[in-house]
Amino acid sequence: MEMLTALITCSVNKSWFSLMYVVGLCTSVVIMYLQCYSIGVVCLVQVLFFMHLCRRLWECLYITDFGNSKMHISGLLVGIVHYVFTPISIYLAASTPSVSKPAFKSSDGTSLLLVCLLFVFEFACYAQNRCHMILFCIKRSLKSTPGARYAVPKGFWFDLVACPHYLSEILIYLSLLLLLLVLYAPVTDFIPWLQRFNFGYCMLWVTTNLAVVAHHQLHWYHSEPSLSSQVPPNWCALIPGIW
């Protein structure tokens, strides 16, 4: 009974977030080794996701100031499971023969689509990094201001939504999903399309989870007495002008 109570109440510092990305990177390295002889969009998506994990680990180690913030151990475990299964879900898309075809045909617009999706991925990574830098600068300035604990972030996408770093994460997953779903076989090929949707379940989980967290974050800004007056009018949680 004591062990169960200890497990239920167990919490760790949020700096342990970095462990999730380490596990994800190790899983990605193993998967990429298994795919070392493959070509095509699955390998490309795997490399892009690996790059995303590298950046997030770097941000956790050198940018994000977690302070003394705590999270329940279950959140850490769920995150580890997510970053183990996400590279695997990308790997499973390789079971679809059409996905491994490397041919790009400019006549049907696949080259243009590839460039557009890569741009969305890169811009979303840039946007998320910039948002994290803004949050870092706010926390650093608060430390030098006696009595100040919190502040409403401003600038860049924070002028539109409360959690633009979550919006960027969703855009990253969306761009990778579209790379898997659209580029190498039409949606009318239902069985191959469905096989490649394994990664889509990961995206649905990420979107749902971040939407809930963003909603609570916006509610917290409104309910915190020292911050409610600083909240911009018509500020949305995640989607500018909508929600």
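See the structure printed just above.
Here the residue numbers are simple positions, counted from 1 along each chain's written sequence. Totals for whole chains, interfaces and linings use every residue, but because this is a predicted model, local features are given only for residues with pLDDT of at least 70 and side-chain atom pairs only at 80 or more, for both listing and counting. Heavy atoms from the whole structure form the basis of all side-chain values; hydrogens and water molecules are not counted.

A. View of a nonpolar patch on the surface. A cluster of nonpolar residues, Val30, Tyr33, Leu34, Tyr91 and Leu92, forms a patch on the protein surface that exposes about 520 Å² of accessible area. Those elements that place two or more of their residues in the nonpolar patch are helix H2 (17-34) and helix H4 (73-92). Per-element accounting of the nonpolar patch gives the leading share, three residues, to H2. Mapping Tyr33 onto the fold places it in helix H2. Relative accessible area decides the class of each residue, using a 1.4 Å probe on protein chains only: under 20% of the type maximum gives buried, over 50% gives exposed, and in between gives partly exposed. For Tyr33, a relative accessible area of 63% puts it in the exposed group. A residue counts toward a patch only above 30% relative accessible area and without a salt bridge, and it is joined to like-charged neighbours within 9 Å or, for Val, Leu, Ile, Met, Phe, Trp and Tyr, to nonpolar neighbours within 5 Å. Residue exposure ignores everything except the shown protein chains as possible cover, and the areas themselves are Shrake-Rupley values with a 1.4 Å probe. Note on definitions: salt bridges are taken to be side-chain nitrogens of Lys or Arg within 4 Å of carboxyl oxygens of Asp or Glu. Numbering goes from the N terminus for both helices and strands, where a helix is a DSSP run of H or I of at least four residues and a strand is a run of E of at least two.

B. Just the nonpolar core, in detail. For our purposes a nonpolar core is just a set of buried Ala, Val, Leu, Ile, Met, Phe, Trp, Tyr and Cys residues, chained together by side-chain atoms within 4.5 Å. One finds Leu176 and Leu179 to be the most contacted residues of the largest nonpolar core, which totals 53 residues. Mapped by element, the contributors of at least two residues to this core are H2, helix H3 (41-62), H4, helix H5 (110-143), helix H6 (164-182) and helix H8 (198-223). Whether two residues are in contact is decided by their heavy atoms, any of which lying within 4.5 Å being enough. Aside from chain neighbours lying at most four places away, what touches Leu179 is Val41, Val45, Leu48, Leu114 and Leu117.

C. Spotlight on the environment of Ser18. Of note, Ser18 is situated in helix H2. When the C-alpha positions of Ser18 and Arg56 are compared, they lie 8.1 Å apart, and in sequence the two are 38 residues distant. Not counting residues up to four positions away in its chain, the partners in contact with Ser18 are Leu57, Cys60 and Leu61.

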